[in-house]
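This is what each chain is made of:
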Amino acid sequence: MFVTDIRKEFYDVVVNQRVALLVSPDIDALCACKVLQALFHCDHVQYTLIPVTGWQDLGTVFMEHKDQYQYFVLINCGANVDLLETLQPEEDSVFFICDTHRPVDVVNVYNDTQIKLLIKQDDDLGVPSYDDIFRDDEENEDGDDSGNESDGSAEPSGKRRRYDEGALERRIERQRARREWEARRREILFDYEQYEFHGTSAALVMFELAWVMSKDTKDMLWWTIIGLTDQWVHDKIPHMKYVTDIATLQRHVSRHNHRNEDEENSLSIDCMRISFEYDLRLVLYQHWSLYESICNSCYTSCNLKLWSMNGQKKLQELLADMGLPLKQVRQKFNSMDMTIKENLREVIEESANKFGMKDIRVQTFGVHFGFKNRFLASDVVHAAAALLENVEKDETATDNFIKALDCLSRSNLERLHLGIDLAKKKLKAIQQTVASCICTNLILSQGPFLYCHLMEGTPDVKLFSKPLALTLLCKYLLKAFVCSTRNKRCKILPLIMASPLDVEKGTLMVLGIPPESDTSDKKNFFGRAFEKAAESTSSRTIHDHFDTSIIELKMEDRGKFLDALITLLS
């Protein structure tokens, strides 16, 4: 059921208990986890933090811990399946679910005892009403209407037959009504569960809990900003939703800044200042050279078509129009002349407008730690995602999870800088892969969707066996394709991408994303389509990821799986 008073029904319940905190591997979940950890530290709540990578992992972790804990908090996992069916818990286990995945499973919504949903009600949830989905079969199918032969044997047979016919008609009528209800129920559930999308950031829900209890700090606010920015960077929410939530956070930032104006330490060496920025859509540009950032940002690279000779020529023209010397543009941002940096954003915006890049600036937040370190929210998202999915060292998923969690603390700036270096490598790899896919025509139109398969042996292919990296590549590739193709029909198609996952097992990771458009509602229908296609062709797939639009598929079954998808979506 939905929790209406998050403080009373959630926090006051767990504050004197031992809690198991199960967190999925995405940046918004990490940020929500940091906010909740800070609250738990305030009130000395005992908890165990356990990262869970997928449904199978969640099941295993629950089996291991169900005897020690009564209360489980699930962050960004658990809302979109029937959790009690999946985990089969004892009757005294209680699950608090703070999850952005939609649609929320109807059984979770209407279970009043064990499932508590920490989900904002103002999201457009559209949950079907109880009576449309559940029905108490109090009518005994045979009822008392089945005329009792033995007792009535003394009655005249004609009367008994009429009595039986009445009972039979009533029974047929009941069965017909039930069949109609079931057909309607299937239709309602299909409409409700057809599209997968994301709701309000989990970090924002947790921050609002802290705010209600007057325990919110600047650090919590910064983590919440990163959680929301993650939804924007990985394209999970529509632009309007992002702008609305940014406005909410802007009010909190003003409140905190106003509160700290009177304090002495507002200019001390270890102070933290958060500011609302109308900044450039250039990735990591303050930690890179301006040239590298323009080349490796999805927005500029796609608009200028930098994979082509013509695009490179356009880039030189853009730099010339800005009037920035190449020597300055190619050196680290920190080393650029102060005179150039002073009005750099305005200069870039003015020139970008001439080249058709009308919205190169976007609402976001920046932070200053002390005097020296300045980061934008998107810098931290890229750094944390790179640490979370680091493939350079053979470390476990849990090790990477802890490192990504650590880089969010302001006491761990070295780790954050390490994450930024990894993020640069990742963004370069994405840029090169996109260029080679476009130039070698690897994106094929399959009818109802576009399809791209990364071959084994492609450079950096190991990096794209991870969901966040593959999502970013897929989003970037679709945007690049839409900018480069002349075929109008292909511009409105979704994209399916396959990347080698485990060569020895012969498995692929397959991901589907909705069509590219600025006004898109980001609703993804591939989750259901993948399930149906796998079912109808008995393809060997594993649907283990919390996002239903990401699956594992056996290499040999790829052909029949794709054929089934084409038939299904045509």
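If you check an unreviewed UniProt entry, the protein chain appears there as Cell division control protein 45-like protein from Triplophysa rosa. Regarding the protein chain, the relevant UniProt record gives this comment under Sequence similarities (unreviewed entry): "Belongs to the CDC45 family." On record in UniProt, under Subcellular location (unreviewed entry), the comment for the protein chain is "Nucleus".

S.K.: So what exactly am I meant to see when it comes to the packing of helix α1 (residues 6-14) against helix α8 (residues 202-212) here?
M.R.: To describe two helices that pack against each other, one gives the angle between their axes and the distance between the axes. Closest axis-to-axis distance for the α1/α8 pair is 11 Å, and the angle between their directions is 90°. Put simply, α1 runs roughly perpendicular to α8. Only Val205, Met206, Leu209 and Val212 of α8 make contact with α1, whose side of the interface consists of Ile6, Arg7, Phe10 and Tyr11.

S.K.: For this particular structure, what's the right way to read empty space enclosed by the protein?
M.R.: Gaps left between atoms are located by rolling a probe of water-molecule size over the structure's atoms. Counted by the stated rule, this structure contains five cavities of 30 Å³ or more. Considered as a void within the structure, the largest cavity measures approximately 510 Å³ in volume. As for the largest cavity, its lining consists of 33 residues, of which His198, His234, Lys236, Thr471 and Asp547 are closest to the centre. Elements represented by at least two residues in the lining of the largest cavity include exactly β7 (197-198), α20 (467-484) and β14 (507-513). Among the elements that take part in the lining of the largest cavity, α20 stands out by supplying five residues, more than any other. Grouping the constituent residues of the lining of the largest cavity by class yields 11 nonpolar, 14 polar and eight charged.

S.K.: Looking at this structure, I do not really get the packing of aromatic side chains. What am I missing?
M.R.: Within a pair of aromatic rings, the relevant descriptors are the distance that separates the centres and the angle that separates the planes. Using the criterion set out here, one finds 21 aromatic pairs in the structure. Judged by centre distance (5.3 Å) and plane angle (90°), the ring pair of Tyr285 and Phe333 falls under edge-to-face. A residue pair is termed long-range when its members are at least 10 positions apart, and Tyr285 in the loop between β8 (272-280) and α11 (290-296) and Phe333 in the loop between α14 (326-330) and α15 (338-342) qualify at 48 residues. Assessed through its relative accessible area of 10%, Phe333 is described here as buried. Connected via pairs of aromatic rings, a cluster forms that spans Phe10, Tyr11, Phe40, Tyr47, Tyr71 and Phe96. The ring of Tyr291 is capped by Arg330, whose NZ or CZ atom sits 3.9 Å from the centre of that ring. It is Lys341 that lies over the ring of Phe333; its NZ or CZ is 5.0 Å from the centre.

S.K.: Honestly, the confidence of the model for the protein chain in this entry has me stumped. Any pointers?
M.R.: Reading predicted coordinates in detail is not appropriate for stretches of low pLDDT. A residue-level look at the protein chain finds 93% of positions with pLDDT of 70 or above and a mean pLDDT of 87. The low-confidence segment residues 138-154, where pLDDT is below 50, has 20 contacts with residues more than four positions distant or belonging to other chains.

About the thresholds
- All chains use their own residue numbering, which begins from 1 and follows the written sequence.
- pLDDT decides what is reported in this predicted model: residues at 70 or higher carry local features, side-chain atom pairs at 80 or more are listed and counted, and totals for whole chains, interfaces and linings draw on all residues regardless.
- Based on all heavy atoms of the structure, the side-chain values leave hydrogens and waters out of the count.
- UniProt positions are given in the numbering used here, feature names are shortened, and annotations may be inferred rather than shown by experiment.
- Comment: axis = line fitted to C-alpha atoms, over the contacting stretch for helices; angle = value between 0 and 180 degrees taken between N-to-C directions.
- Numbering of helices and strands runs from the N terminus; a helix is a DSSP stretch of H or I covering at least four residues, while a strand is a stretch of E covering at least two.
- Reported orientations rely on four angle classes, namely roughly parallel under 35 degrees, roughly antiparallel over 145, roughly perpendicular from 65 to 115, and oblique for the rest.
- Note on definitions: a residue-residue contact is assigned when non-hydrogen atoms from the two residues lie within 4.5 Å.
- With a 1 Å grid laid over protein atoms only, a set of points is called a cavity when a 1.4 Å probe fits there but cannot get out and a pocket when it is open yet has protein on both sides within 12 Å along at least five of seven lines; lining residues have an atom within 4 Å of a point.
- Grid points are joined across faces, edges and corners, and a volume is the space filled by probe spheres set on the points.
- Only Asp, Glu, Lys and Arg are considered charged in this grouping, and only Ala, Val, Leu, Ile, Met, Phe, Trp, Tyr, Cys and Pro are considered nonpolar; every other residue, Gly among them, is considered polar.
- Note on aromatic contacts: the rings of Phe and Tyr and the six-membered ring of Trp form a pair at centre separations within 6.5 Å, being stacked when their planes are under 30 degrees apart, edge-to-face when over 60 apart, and tilted otherwise.
- Only protein chains enter the calculation, and the probe is 1.4 Å; a residue is then buried if its accessible area is under 20% of its type maximum, exposed if over 50%, and partly exposed in between.
- In this scheme, Lys NZ or Arg CZ marks a charge over a ring once it lies within 6 Å of the ring centre and within 35 degrees of the ring normal.
- For every residue, the predictor states its confidence as a pLDDT score lying anywhere from 0 to 100.

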